[in-house]
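Given next are the chains, with one letter for each unit.
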Amino acid sequence: MSSIRPRSAAAYWLAVPAGLWMLAAVVLPTLLILWVSLWGGQSVSPDNPITFDNYARFLSNGSYRALMLDTLAQAAMIMGITGVLGYCIAYFLTVKVTSPAWRTALFLAFVIPFWTSTLIRAIAFVPFLGVNGLLNQALLAAGLIEQPIQAFLYSRLGVSMAQVSLYTLLASGPVVYMLNSIPPALREAAMTLKASPFTVFRRIILPLTLPGIVIGQVLVFLNVLADFITVTTVGGNKLAFLGNLILLFYEGSQIRATAVVSVLLMAVMLAGVAVALRIVDIRKVGG
Amino acid sequence: MHWKTRSRLTSWLLGIVTIGFLLFQWLPMFTMFLLSFAGENGGTTFPMNGVSLHWYRKLWEADLFDDFKPPMLRSFLLALGCSVTTVVLSVTAAQAMRGRFIGSGAYFYLLLLGLMAPGILVGFGFAILTRLLGIEGAWNTTAYVVHVSWALPFGFMTMLAVFNRFDPRLEEAALTLGATRVTAFRRITWPIILPGVIGTALFGFSLSYDEYARTLFTAGSDGTLPLAVMAQLDRQLTPELYAIGTVTTVMSLVAIFLCTFAFWLRSRALRGRPSH
């Protein structure tokens, strides 16, 4: 017995507002993009015949295909870096730091920026990476370089650095969750049975945190693919990924081309999520 | 012995990686804070050319083109509306899930979809929808609907987690003593889930306040703060942008601090009561 009766009419009525909201604001718009991407004819109108011409036209362009591959390569690179970095940080914070006060402090320092604006954080990389930026000044002062490095800002390197900074928490968070759910007795048992620390890590910790790694990688994958803010703020106009292409077509009022790129982006994302779901059963993670 | 030294070595290595990353994460923001206090002739990079509140004053006395006050007010009101709506919808949806109605599995995934769908696609799709319906986009109508759809999954997950830890025997006791279900919810359930509700409200506020992609496609002519910041960045990067960045970041930090403090006060108050 609780304040709501199982399968009661009240349960349905309470579910309706949020359900309708998501249908109208997320599901319907997504289906509309799919529909618009198939509109044929000369003018943009729903009365035109359904056709795959828009896709054929887009995919026949070699530079667009290269841009798609480039976006995927960028996502793969950021996934790799944030994956390793995020795991190291998660492991250090949950296993290696023993003082609760330190753990809380470091954890807060890690998480707090996530609650501030991504746009502002991306902009903050401009004075950090610039020719007279903090990073160059520090490297000069340390005597590591003799001249400021130009390539930090308005380059792929700069965008990647900003993306690593923005998305490592996404890769790390689920691992922290999984590490915390491992009972300490498990490690102790393995240790008692004379397993070396490396074996304990490889045979016990790593397999048990795998779902966390995969979920983190999915989050990074989705975010890098859809990221266009970091690319415009830190990359200047020299760089474009699929997200920027969507914006470019939209601003040029090429609605059907925008829809085509959006659908392709969505397809790539769904494929990525499907692969991840084959590796781990996400529903089991919460239990 | 041998393992112990090696384990200490890994601790050091991982510690250096962690501290290095934290520095890398905070230093750009710190640079921005510092440069926002640059002198009148200060540029967007070092040297600072003096220390002043010039750029904050400029922010306050802004002219027509780069006046951030109206977009800031719009962002604030929108975030407030989004926060309240997210709380109401998240609590009702999570309460409905407790009713285990037929189709609740699919319903769970429907609400989670908003978490996976990227802002650029949702924003663009919703722009098509409003265009087909002939509705003019505005920050307080279309952008509001899309913002709530972004914050709702976060709030919903928070409330589900809160209800999972909730002891239903407390409600049972109230019902056995003759309370109606509504009274039991109002007098027993609500006070217990209140910390989760505050968390949900914070999600609703900050996710809306910082949202760029979804707003870009749906806000119409009067933009929110992130749009104004991006427009100014397109025109020219000035320390004024650093000033506005610093102001919003400090506001976020204060909000986090207040929430953490409220949680702490509450948990202390709960601990203080005699147990039964």
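Residues numbered from 1 in each chain as written. Chains lettered and ligands numbered in written order. Predicted model: local features only at pLDDT ≥ 70, side-chain atom pairs only at ≥ 80, totals over all residues. Heavy atoms only, no water.

Quick note on the threshold: UniProt positions are given in the numbering used here, feature names are shortened, and annotations may be inferred rather than shown by experiment.
Per an unreviewed UniProt entry, chain B carries the name ABC transporter permease and comes from Rhodovarius crocodyli. For chain B, the Subcellular location (unreviewed entry) comment in UniProt is given as "Cell membrane".

Taking an unreviewed UniProt entry as the reference, chain A is identified by name as ABC transporter permease belonging to Rhodovarius crocodyli. Of chain A, the UniProt comment under Sequence similarities (unreviewed entry) reads exactly: "Belongs to the binding-protein-dependent transport system permease family. CysTW subfamily." The UniProt entry for chain A carries the following comment under Subcellular location (unreviewed entry): "Cell membrane".

1. Digging into the overall build of chain A
Which entries qualify depends on this criterion: Helix numbers and strand numbers start at the N terminus; a helix is a DSSP run of H or I with at least 4 residues, a strand a run of E with at least 2. Buried means the residue's accessible area, taken with a 1.4 Å probe over protein chains only, is under 20% of the maximum for its type, while exposed means over 50%, and partly exposed covers the values in between. The criterion used for residue contact is that any of the two residues' heavy atoms lie within 4.5 Å. Only the protein chains shown count as covering a residue, and every accessible area follows the Shrake-Rupley method with a 1.4 Å probe.
Along its length, chain A carries 13 helices and zero strands. Going from N to C terminus, chain A has its helices and strands arranged as α-α-α-α-α-α-α-α-α-α-α-α-α. Taken over the C-alpha atoms alone, chain A extends approximately 75 × 70 × 35 Å along its principal axes. For chain A, the proportion of its 287 residues judged to be buried stands at 52%. Sequence separation of 24 or more characterises 68% of the internal contacts of chain A that already satisfy a separation of 6 or more. For chain A, the exposed area adds up to about 13,700 Å²; of that, 67% sits on carbon and sulfur atoms.

2. Regarding the UniProt feature "transmembrane region" (unreviewed entry) in chain A
Mapped onto this structure's residue numbering, the UniProt feature "transmembrane region" (unreviewed entry) falls at residues 12–38, 72–93, 105–129, 161–179, 200–222 and 257–280 of chain A. This span, residues 161–179 of chain A, is 100% helix and 0% strand, and a straight line between its end C-alpha atoms measures 27 Å.

3. A word on the packing of helix α5 (residues 118–129) of chain A against helix α6 (residues 134–141) of chain A
Test applied: Here an axis means a line fitted to C-alpha atoms, over the contact stretch when the element is a helix, while the angle between two N-to-C directions is reported on a 0 to 180 degree scale.
Where α5(A) contacts α6(A), the two axes come as close as 5 Å, and the packing angle between them is 30°. Contacts from A:P127, A:F128 and A:L129 of α5(A) reach α6(A) at A:L134, A:L135 and A:N136.

4. Here's the deal with the UniProt feature "domain: ABC transmembrane type-1" (unreviewed entry) in chain A
If you check UniProt for "domain: ABC transmembrane type-1" (unreviewed entry), the listed places come out as residues 68–276 of chain A in our numbering. Here residues 68–276 of chain A is 78% helix and 0% strand, with 20 Å between the C-alpha atoms at its ends.

5. Some details on the UniProt feature "transmembrane region" (unreviewed entry) in chain B
When the UniProt feature table is mapped onto this chain numbering, "transmembrane region" (unreviewed entry) sits at residues 12–38, 75–94, 106–129, 141–163, 184–207 and 241–265 of chain B. Here residues 141–163 of chain B runs as 96% helix and 0% strand, with 31 Å between its end C-alpha atoms.

6. Concerning empty space enclosed by the protein
Definition in use: Of the grid points, spaced at 1 Å and generated over the protein atoms alone, those admitting a 1.4 Å probe that cannot get out make up cavities, while open sets with protein on both sides within 12 Å along at least five of seven lines make up pockets; any residue with an atom within 4 Å of a point is treated as lining. Grid points are joined across faces, edges and corners, and a volume is the space filled by probe spheres set on the points. Residue classes follow a fixed rule: Ala, Val, Leu, Ile, Met, Phe, Trp, Tyr, Cys and Pro count as nonpolar, while Asp, Glu, Lys and Arg count as charged, and any other residue, Gly among them, counts as polar.
The tally for this structure, following the rule as stated, stands at two cavities of 30 Å³ or more. Lining the largest cavity, in full, are A:S117, A:L119, A:I120, B:Y209, B:D210, B:L225, B:P226, B:V229 and B:T248. Elements with a minimum of two residues in the lining of the largest cavity: α5 of chain A together with α10 (225–235) of chain B. Looking at the lining of the largest cavity, its residues break down into six nonpolar, two polar and one charged. Considered as a void within the structure, the second largest cavity measures approximately 40 Å³ in volume. Forming the boundary of the second largest cavity are A:F110, A:V111, A:P113, A:F114, A:R121, A:S165, A:L166, A:T168, A:L169, B:F21 and B:Q25. Every element with two or more residues in the lining of the second largest cavity is listed here: α4 (100–111) and α7 (156–180) of chain A together with α1 (2–35) of chain B. Grouping the constituent residues of the lining of the second largest cavity by class yields seven nonpolar, three polar and one charged.

7. Regarding the interface of chain A and chain B
One widely used convention gives an interface's size as the accessible area the parts lose upon coming together. Where we set the bar: What counts as a salt bridge is simple: a side-chain nitrogen of Lys or Arg found within 4 Å of a carboxyl oxygen of Asp or Glu. For this analysis, a polar contact is any N or O atom pair within 3.5 Å, provided that within protein one partner can donate a hydrogen and the other can accept it, and provided that sequence-adjacent residues contribute only side-chain to side-chain pairs.
In this complex, chain A contributes 83 residues to the contact, which on the side of chain B involves 88 residues. The interface formed by chain A and chain B includes zero salt bridges. Here chain A and chain B share seven residue pairs in polar contact (both at pLDDT 80 or more) between them. Considering each element in turn, the side of chain A that touches chain B owes the most residues, 20 residues, to helix α1 (residues 9–36) of chain A.

8. Here we look at the packing of α4(A) against α7(A)
All names here are of chain A. Put simply, the test is: Note on angle classes: values under 35 degrees are labelled roughly parallel, values over 145 roughly antiparallel, values of 65 to 115 roughly perpendicular, and the remainder oblique.
Their axes nearest at 11 Å, the elements α4 and α7 cross at an angle of 140°. In terms of orientation, α4 lies oblique with respect to α7. Contacts between α4 and α7 involve F107, F110 and V111 on the former and, on the latter, T168, L169, S172 and V176. In the contact of α4 with α7, the residues fall into five nonpolar, two polar and no charged.

9. Here's the deal with the layout of surface pockets
A volume near 1,200 Å³ is recorded for the second largest pocket. For the lining of the second largest pocket, the secondary structure elements donating two or more residues are α10 (229–235) and α11 (242–251) of chain A together with α3 (69–98), α5 (119–133), α9 (213–218) and α10 of chain B. Of the residues contributing to the lining of the second largest pocket, the split by class is 26 nonpolar, 14 polar and eight charged.

10. Overview of α1(A)
To keep things clear, this is the line we draw: Every helix has an expected span of 1.5 Å times one less than the residues it contains. Each residue is assigned a bend, namely the angle between axes fitted to the seven residues that terminate at it and the seven residues that start at it.
For α1(A), with 28 residues, the first-to-last C-alpha span of 38 Å sits near the 40 Å given by 1.5 Å per residue. Remark: the principal bend of α1(A), roughly 40°, maps to A:L23. The set of residues buried in α1(A) consists of A:A11, A:A15, A:A18, A:G19, A:W21, A:M22, A:A25, A:V26, A:P29, A:L32, A:I33 and A:V36. Of the surrounding secondary structure, the elements contacted by the buried residues of α1(A) are α2 (53–59) and α12 (255–279) of chain A together with α3, α4 (104–116), α5 and α6 (142–164) of chain B.

11. Regarding the confidence of the model for chain A
The line we're drawing: For every residue, the pLDDT score states the predictor's confidence, bounded by 0 at the bottom and 100 at the top.
Across chain A, the average pLDDT comes to 88, with 98% of residues at or above 70. Model confidence for chain A, summarised as mean pLDDT per element, is weakest for helix α13 (residues 282–286) of chain A at 57 and strongest for helix α3 (residues 62–96) of chain A at 94.

12. A closer look at α11(A)
Residues and elements named next belong to chain A. Burial of α11 is extensive: eight of the 10 residues sit out of reach of the surface. Where α11 is concerned, the buried positions are L242, G243, N244, L245, I246, L247, F249 and Y250. Phi turns positive, to about 55°, at S253, one or two residues after α11.

13. Quick notes on unusual backbone geometry
All names here are of chain A. The phi dihedral of K194 is positive, around 70°, even though this residue is not glycine. One can find K194 in the loop between α8 (184–192) and α9 (197–226). Using a relative accessible area of 71% as the deciding quantity, one classes K194 as exposed. Positive phi, normally seen in glycine, also occurs at S253, with a value near 55°. When you line up the elements, S253 lands in the loop between α11 and α12.

14. Remarks on the nonpolar core
Heads up, the rule is: Among buried residues, the Ala, Val, Leu, Ile, Met, Phe, Trp, Tyr and Cys ones that are joined through side-chain atoms within 4.5 Å form a nonpolar core.
Core analysis: the biggest nonpolar cluster contains 173 residues, and A:L129, B:I193 and B:V229 have the highest contact counts within it. Excluding its chain neighbours within four sequence positions, the residues that come into contact with B:V229 are A:L119, A:I120, A:I123, B:F68, B:L241 and B:I244.

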